[in-house]
Amino acid sequence: MPQVENPQLGRSHDYPYEHREEERDWHWGMVINTNRCINCNTCSFACKSTWTSGKGEEYMWWMNVETEPYGGYPMGWDMRLLDDLGAGETIFEAAEDGERVRGYIADKEEWEYPALGDDQVHGEYPTGEVVESDLEEGKHHDIWQFYLPRLCNHCKNPACLAACPRQAIYKREEDGIVLLDQERCRGYRKCVKGCPYHKPMYNPETGVSEKPVGCYPRIEEGFVPRCVSSCIGKTRLHGNINRGPDAPSPGGDAPGGRSPINYLVHSDEKVALPLYPQFGTRPQVFYMPPYHVPPEFLTQMFTPNEEVKRNDWPGETYRESIEIVQERVRNPSHHVLGILQLFGATTELIETYEVSEERVRGWNRDGEKVADLPFEEELEVREGEQWTNQ
Ligand code: SF4
Ligand code: F3S
């Protein structure tokens, strides 16, 4: 089997097809700040009403929000697969005989309760006592939960694509979006079984499967996906994850260089991490981790979680790396704070950006300025009578 590079793991591994993802100029990517998510599910409903409101699609939540550690759609999807993988094995290396990918098809019951575990905390409230925060330096809450928005990652090593014997799933040249051709699909459901994130779903009415489309018609028009533009918590930023420090200006007076999401994920100041990189699919949705949650839990969820640290993570161990990233998210630098202002600032795709002392600006793919924001909201105090509580 061919080998592919996997920078998220710092090594190469088996994958059924050869490819070189880094050579694309443009690749779909997203960063989600979990600390801002309030589980309102506006994203989930925006996605559902746009894409999966038809017959046979009733159970299809391409976008869903889970409460960690107990929520999951389908139930227990992550732990069930992690239990099947040997130490350090990707889902491609752990494939059973006759299969290309290790996975499982969730039972009907596992899809029945998308909100099970919502708002349930880890740890027990002491009865009769006031719960006080112990969130001092280096400490984390004993009682915790957080919200994890989940969607298709438009992976660079897509398991759905690898698994399909009909080659009905393909990755678009122009933006890396992974699509399923329903004309070619024969309903084999290997994609449903193979995607470790459980995002391709079978439609019993049509007899073929469907998978999330990355809101490609909006991307083509220069807009961000519906889950991003509708998010009232301004948790997300979408754009070109492949735009690195040497990329030229897109035009006009726009600066060249990195996209804002590339900075958050790939600069030395790494603050956003992939979800379960150990699966090996190179997911392209990245999460700014919650800073109140114990690092042990996040190490398992957002790092390769192996004994030996093999790539460019900041600490000596993966656990230490998580603590460093948590601290960077808790006390962001001026530059990261500037990029955070761009989250939810416009419905247009931000290709390049600039952070100055006072303002942050963003330009679209045509080099037009689409965001220009102050670091601090200007406050106007109206003259005249003042409110008092008298
Ligand atoms: Fe395919 Fe699943 Fe990756 Fe989406 S998240 S590209 S459906 S393997
Ligand atoms: Fe292939 Fe999935 Fe259809 S495996 S044939 S795309 S159901």
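Cut-offs and rules
- Residues numbered from 1 in each chain as written.
- Chains lettered and ligands numbered in written order.
- Predicted model: local features only at pLDDT ≥ 70, side-chain atom pairs only at ≥ 80, totals over all residues.
- Heavy atoms only, no water.
- Helix = DSSP H or I, 4+ residues; strand = E, 2+ residues; numbered from the N terminus.
- Rg over C-alpha atoms; globule rule 2.2 N^0.38 Å.
- Buried < 20%, exposed > 50% of the residue type's maximum accessible area, 1.4 Å probe, protein only.
- Contact = heavy atoms within 4.5 Å.
- Areas by Shrake-Rupley, 256 points an atom, 1.4 Å probe, with all protein chains shown as cover.
- Lys, Arg positive; Asp, Glu negative; His and termini not counted.
- Charge placed at Lys NZ, Arg CZ, Asp CG, Glu CD.
- Near = heavy atom within 4 Å.
- Nonpolar A, V, L, I, M, F, W, Y, C, P; charged D, E, K, R; others polar.
- Pairing = 2+ DSSP bridges.
- Disulfide = S-S within 2.5 Å.
- Axes fitted to C-alpha atoms, helices over the stretch in contact; angles between N-to-C directions.
- Salt bridge = Lys/Arg side-chain N within 4 Å of Asp/Glu carboxyl O.

**Q** Would you take a moment to explain the overall build of the protein chain for this structure?
**A** Scanning the protein chain from terminus to terminus reveals ten helices and 15 strands. Compactness check: the protein chain gives a C-alpha radius of gyration of 21 Å against a globular reference of 21 Å for 390 residues, within 12% of the reference. For the protein chain, the spread of C-alpha atoms along the principal axes amounts to about 75 × 60 × 50 Å. The proportion of buried residues among the 390 residues of the protein chain is 54%. When contacts within the protein chain are restricted to residue pairs at least 6 apart in sequence, those whose partners lie at least 24 apart make up 65%. Of the roughly 18400 Å² of accessible surface on the protein chain, 46% is carried by carbon and sulfur atoms. For the protein chain, the distance from the average site of its 41 positive side-chain charges to the average site of its 67 negative ones is 6 Å.

**Q** In this structure, what is going on with the site of ligand 2? I would like to understand it.
**A** Taken together, 13 residues form the shell around ligand 2, and within it Cys164, Cys185, Arg189, Cys191 and Ser209 come nearest. Residue composition of the shell around ligand 2, grouped by class: seven nonpolar, two polar and four charged.

**Q** What's the story with the sheet that holds strand β11 (residues 273-274) in this structure? I'm lost.
**A** Each strand in a sheet pairs with another by means of backbone hydrogen bonds, the pair being arranged parallel or else antiparallel. The sheet built from four strands is open, its strands ordered β10-β3-β12-β11 with mixed pairing. Each end of this open sheet is capped by a strand with a single partner; those strands are β10 (236-240) and β11. With five bridges connecting them, strand β3 (residues 28-33) and β10 associate as antiparallel partners. Along β10, the bridge assignment pairs Val31 with Leu237.

**Q** Honestly, the state of the cysteines in this entry has me stumped. Any pointers?
**A** As used in these notes, a disulfide is a covalent bond between sulfur atoms, one from each of two cysteines. For the structure shown, the criterion picks out zero disulfides. Residue Cys47 stays outside any disulfide, its sulfur separated by 6.5 Å from that of Cys215, the closest cysteine. With a relative accessible area of 10%, Cys47 lands in the buried category.

**Q** Teacher, can you tell me more about the environment of Leu179 here?
**A** Counting through the fold element by element, Leu179 comes out in strand β7 (residues 178-180). Along the primary structure Leu179 and Arg359 are separated by 180 residues, whereas in three dimensions their C-alpha atoms are 38 Å apart.

**Q** Can you help me understand the sheet that holds strand β15 (residues 369-374) in this one?
**A** Across the sheet, which stays open at both edges, the three strands sit in the order β13-β14-β15 with antiparallel pairing between neighbours. Unpaired on one side and paired on the other, β13 (352-355) and β15 mark the two borders of the sheet. For this sheet the average axis-to-axis angle between neighbouring strands, irrespective of direction, equals 10°. Where β13 lies against strand β14 (residues 359-363), four bridges are found, and the strand directions are antiparallel. Paired with Thr352 across the strands is Trp363, a residue of β14. The strands touched by helix α10 (residues 334-342) within the sheet are β13, β14 and β15, with β13 carrying the most contacts at an inclination of about 130°.

**Q** Even after reading the chapter, I still don't get unusual backbone geometry, so can you show me in this structure?
**A** Note on backbone geometry: most residues besides glycine have negative phi, and most peptide bonds are trans. With an omega of 15°, the peptide bond running from Glu68 to Pro69 counts as cis. Residue position: Pro69 is located in the loop between β4 (64-68) and α2 (77-84). Residue Pro74 is bonded to the preceding Tyr73 through a cis peptide linkage, with omega at 5°. By the secondary structure assignment, Pro74 is in the loop between β4 and α2. Here Lys234, not a glycine, exhibits a phi torsion of approximately 50°, which is positive. By the secondary structure assignment, Lys234 is in the loop between α6 (226-229) and β10. When its relative accessible area of 42% is taken as the criterion, Lys234 is described as partly exposed.

**Q** Mind showing me how you'd approach the site of ligand 1 here?
**A** Looking at ligand 1, the residues that line it are Cys152, Asn153, His154, Cys155, Pro158, Ala159, Cys160, Val178, Cys195, Tyr197, Pro200 and Lys211. Here the residues of the shell around ligand 1 sort into nine nonpolar, two polar and one charged.

**Q** Where do I start with the pairing of β15 in this structure?
**A** Regular strands place their side chains on alternate faces of the sheet. Alignment of β14 against β15, held across five bridges, turns out to be antiparallel. Along β15, the bridge assignment pairs Trp363 with Lys369. Linking β14 back to β15 in an antiparallel pair, the connection comprises five residues, with Gly367 at a positive phi of about 80°.

**Q** Before we go on, may I ask you to explain the pattern of salt bridges in this structure?
**A** Two side chains of opposite charge can pair, provided their charged atoms sit close to one another. With the rule as written, the count across this model stands at 19 salt bridges. The salt bridge involving Glu220 is made with Arg172; its shortest N-O contact spans 2.7 Å. Of this pair, Glu220 sits in helix α5 (residues 216-220) while Arg172 sits in the loop between β6 (169-171) and β7, and the two are 48 residues apart along the sequence. Arg172 gets classed as buried once you look at its relative accessible area, which sits at 10%. Arg330 is the partner of Glu327 in a salt bridge, and the nearest nitrogen-oxygen pair spans 3.2 Å. Remark: Arg330 and Glu327 occur in helix α9 (residues 318-330); sequence separation between them is three residues, near one turn of the helix. Within the structure, one salt-bridge network assembled from shared partners comprises Glu354, Arg359, Arg361, Lys369 and Asp372.

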